[in-house]
Amino acid sequence: MEPKIKIFEGYDLNKLMHQIKESLGEEFKILYQNQIKEKTKIPFLKKTKYILIVEPI
């Protein structure tokens, strides 16, 4: 059986990690992570979006 790889995206890394733990349990492996700076309506403010690809162990 293939491990199920999931993609999680969000703006708060702590909430994102909590969501991953609720979904996959305490044991998982992060395969890929990225931070993207997204533009907002105010030119000098940017939001950081986190993308994590994880698989359960």
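The structure we're discussing is the one just above.
Before going into details, it helps to say that this report is about the structure given with it. (Residues numbered from 1 in each chain as written. Predicted model: local features only at pLDDT ≥ 70, side-chain atom pairs only at ≥ 80, totals over all residues. Heavy atoms only, no water.)

Taken together, Ile5, Leu31 and Tyr32 make up a surface patch of nonpolar side chains, about 290 Å² in accessible area. Structurally, Tyr32 can be placed in strand β2 (residues 28–39). We classify Tyr32 as partly exposed; its relative accessible area is 41%. (Patch = residues over 30% accessible without salt bridge, like charges linked within 9 Å, V, L, I, M, F, W, Y side chains within 5 Å. Areas by Shrake-Rupley, 256 points an atom, 1.4 Å probe, with all protein chains shown as cover. Salt bridge = Lys/Arg side-chain N within 4 Å of Asp/Glu carboxyl O. Helix = DSSP H or I, 4+ residues; strand = E, 2+ residues; numbered from the N terminus. Buried < 20%, exposed > 50% of the residue type's maximum accessible area, 1.4 Å probe, protein only.)

Within the largest apolar cluster, eight residues are counted, these being Phe8, Leu16, Ile20, Leu24, Phe28, Tyr50, Leu52 and Val54. When contributions to this core are tallied by element, the ones reaching two or more residues are α1 (13–24) and β3 (46–56). In this structure Leu16 touches Phe8, Glu9, Gly10, Tyr50 and Leu52, once residues within four positions along its chain are discounted. (Core = buried A, V, L, I, M, F, W, Y, C linked by side-chain atoms within 4.5 Å. Contact = heavy atoms within 4.5 Å.)

Sheet architecture is open: three strands sit in the order β1-β3-β2, paired in antiparallel fashion. Of all the strands in the sheet, the pair left with one neighbour each is β1 (6–10) and β2. Direction aside, neighbouring strands of the sheet carry axes that sit 20° apart on average. Note: β2 against β3, eleven bridges, orientation antiparallel. Bridge assignment links Gln35 to a residue of β3, and that residue is Tyr50. Relative to the sheet, α1 contacts β1, β2 and β3, its axis offset from that of β3 by approximately 20°. (Pairing = 2+ DSSP bridges. Axes fitted to C-alpha atoms, helices over the stretch in contact; angles between N-to-C directions.)

Our focus in this paragraph is the environment of Tyr50. Structurally, Tyr50 can be placed in strand β3. For Tyr50, a relative accessible area of 17% gives the class buried. C-alpha separation for the pair Tyr50 and Lys15, spaced 35 residues apart in sequence, amounts to 11 Å. Excluding anything up to four places from it in sequence, Tyr50 contacts Phe8, Glu9, Gly10, Tyr11, Asp12, Leu13, Leu16, Asn34 and Gln35.

Inspection of every chain in the model, using the stated rule, returns zero aromatic pairs. A cation sits over an aromatic face here: Lys47 above Tyr11, 4.2 Å from the ring centre. (Phe/Tyr/Trp six-rings, centres within 6.5 Å; stacked < 30°, edge-to-face > 60°. Lys NZ or Arg CZ within 6 Å of the ring centre and 35° of its normal.)

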